[in-house]
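Letter by letter, the chains look like this.
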Amino acid sequence: MIVLAVVFAVLGAASNAVGTAFQRKAASTVTRGGTLRLLLDLARRPAWLIGIGGVVGAALFQALALVSGPLALVQPIFILELPFALLIAIPLLHRTLPPAGWWAVFGVVGGLALVLAAAAPSGADDNAAMVRWIPVLIVCLGVIVTATLLAGRGRPPLFRAAALGTASAVANALTAALLKSATGTFADHGLEAFLGAWQTYGFALTGIAAVLLLENALQAGSLAASQPALTIGDATVSLFLGIVVFDEEIRTGWWLLPEAIGVALLVWGVLRLTRAVPHMREVAG
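Residues numbered from 1 in each chain as written. Predicted model: local features only at pLDDT ≥ 70, side-chain atom pairs only at ≥ 80, totals over all residues. Heavy atoms only, no water.

Caption draft 1: Representation of the nonpolar core in the model. Leu 71, Val 74, Trp 133, Leu 174, Leu 241, Val 245 and Leu 273 are the most contacted members of the largest nonpolar core, which has 55 residues in total. Leave out the neighbours within four places in its chain, and Val 245 touches Ala 128, Arg 132, Trp 133 and Val 136. (Core = buried A, V, L, I, M, F, W, Y, C linked by side-chain atoms within 4.5 Å. Buried < 20%, exposed > 50% of the residue type's maximum accessible area, 1.4 Å probe, protein only. Contact = heavy atoms within 4.5 Å.)

Caption draft 2: Highlighting the packing of aromatic side chains. Taken as a whole and assessed by the stated rule, the structure comprises five aromatic pairs. With a centroid separation of 5.7 Å and 75° between ring planes, the pair formed by Phe 186 and Phe 194 is classed as edge-to-face. On the basis of relative accessibility, which here comes to 44%, the residue Phe 186 falls in the partly exposed class. Its relative accessible area of 17% is what places Phe 194 among the buried residues. In textbook terms, an aromatic cluster arises when at least three aromatic residues are bridged by ring pairs, as seen for Trp 133, Trp 198 and Phe 246. The positively charged end of Lys 180 is found above the aromatic ring belonging to Phe 246, 5.9 Å away from the centroid. (Phe/Tyr/Trp six-rings, centres within 6.5 Å; stacked < 30°, edge-to-face > 60°. Lys NZ or Arg CZ within 6 Å of the ring centre and 35° of its normal.)

Caption draft 3: Spotlight on the packing of helix H7 (residues 130-150) against helix H10 (residues 198-220). The interhelical angle for the contact between H7 and H10, taken along N-to-C directions, is 20°, at an axis separation of 13 Å. Regarding the angle of H7 to H10, the classification is roughly parallel. With respect to the hand of their crossing, H7 and H10 are arranged in left-handed fashion. Counted together, Met 130, Trp 133, Leu 137, Ile 144 and Thr 148 of H7 and Trp 198, Gln 199 and Leu 213 of H10 form the full contact between these two elements. Considered class by class, the residues forming the contact of H7 with H10 number six nonpolar, two polar and no charged. (Axes fitted to C-alpha atoms, helices over the stretch in contact; angles between N-to-C directions. Helix = DSSP H or I, 4+ residues; strand = E, 2+ residues; numbered from the N terminus. Parallel < 35°, antiparallel > 145°, perpendicular 65-115°, else oblique. Left-handed = near helix turned anticlockwise from the far one by under 90°. Nonpolar A, V, L, I, M, F, W, Y, C, P; charged D, E, K, R; others polar.)

Caption draft 4: A look at the confidence of the model for the protein chain. Summing up the model confidence of the protein chain, the mean pLDDT is 83 and the portion of residues at 70 or higher is 85%. Across the protein chain, H7 holds the top mean pLDDT of 93, while strand S2 (residues 281-282) sits lowest at 54. (pLDDT = per-residue confidence, 0-100.)

Caption draft 5: Unusual backbone geometry, seen in detail. Positive phi is not limited to glycine here, since Ala 120 has a value of about 45°. Relative to the assigned elements, Ala 120 resides in the loop between helix H6 (99-119) and H7. According to the relative accessible area criterion, Ala 120 is partly exposed, its value standing at 30%. The phi torsion at Asp 247 lies on the positive side, around 60°, for a residue other than glycine. Inspection of the secondary structure puts Asp 247 in the loop between helix H11 (223-246) and helix H12 (256-276). Looking at Asp 247, the relative accessible area reads 45%, which means it is partly exposed.

Caption draft 6: Looking closely at helix H8 (residues 157-189). For H8, which comprises 33 residues, the first-to-last C-alpha distance of 47 Å matches the rise-based estimate of 48 Å (1.5 Å per residue) to within 8%. One or two residues past the end of H8 sits Gly 190, with phi positive at roughly 95°. (Expected span 1.5 Å × (residues − 1).)

Caption draft 7: Structural context of the side chain of Gln 75. Along the chain, Gln 75 turns up in helix H4 (residues 71-77). You can call Gln 75 buried: its relative accessible area is 3%. At a separation of 2.6 Å, a polar atom in the side chain of Gln 75 contacts the side chain of Gln 62. Aside from chain neighbours lying at most four places away, what touches Gln 75 is Gln 62, Asn 172, Ala 176, Asp 234 and Ser 238. (Polar contact = N/O pair within 3.5 Å; in protein donor to acceptor, adjacent residues only side chain to side chain.)

Caption draft 8: Representation of the packing of H7 against H8. It is at 8 Å that the axes of H7 and H8 come closest, and there the two elements cross at 155°. Taken as axis vectors, H7 and H8 run roughly antiparallel relative to one another. Handedness of the H7/H8 crossing: left-handed. Between H7 and H8, the residues in contact are Trp 133, Val 136, Leu 137, Cys 140, Leu 141, Val 143, Ile 144, Ala 147, Thr 148 and Leu 150 and Phe 159, Ala 163, Ala 167, Val 170, Ala 171, Leu 174, Ala 177, Leu 178 and Ser 181, respectively. Residue composition of the contact of H7 with H8, grouped by class: 17 nonpolar, two polar and no charged.

What follows is the structure, given as structure tokens:
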């Protein structure tokens, strides 16, 4: 089951990379901000519709992965979306990446592999009690609302992009946790129980919020400001939710050393990669 979870998560990351790349292309052509108005403008653009198709595919793979494995394993794998998106953009846009960018890709992939191999997330309880959900919902929704308010108009673009990226990351992680619980209910008790579970409607609402926040984060500022918050924030919050809500476990003791090295390598790779992308050169001829 763990192998299936990894395979589905990698496929989800690749599909999400397609979705994010096309959404970013569409968002860059819209000058007006806002939430619903921005969404209506984007809906008229074919690139955005292709992007949404990638996101839907990613959600399906994500659901299959979460049924098969722990949240603390599945969500961090979605960090691979960043190098996948880069590998898609290079041939699509006829660009080349500087050597520093390829070292950053190695840092992201190698760091993630080291973290997950050392942590070895395991265990899961899909049917978490409300006593676990209530404080998690309060904290996560509080962070989302606070970060969104802080990103109000008049703030510097880099700050707005980072704040909205953080809000989107928390919303993504919360959506994944609710999705895991809902799909677990479906697997154990069938469609009727799935439709009767509050988590089913919860992940639908938080998922819509995450998409809106993502679109505004991409429009608000540069990739270097929004992507680290999106990528690292989603994985970190998901790890926290897996442990707190679903009673998942990671290895501690001396395993903390390679985990820390992997995290440092991963963060270094993400930061370098988001700075290398704007410097991709056009292929001559």
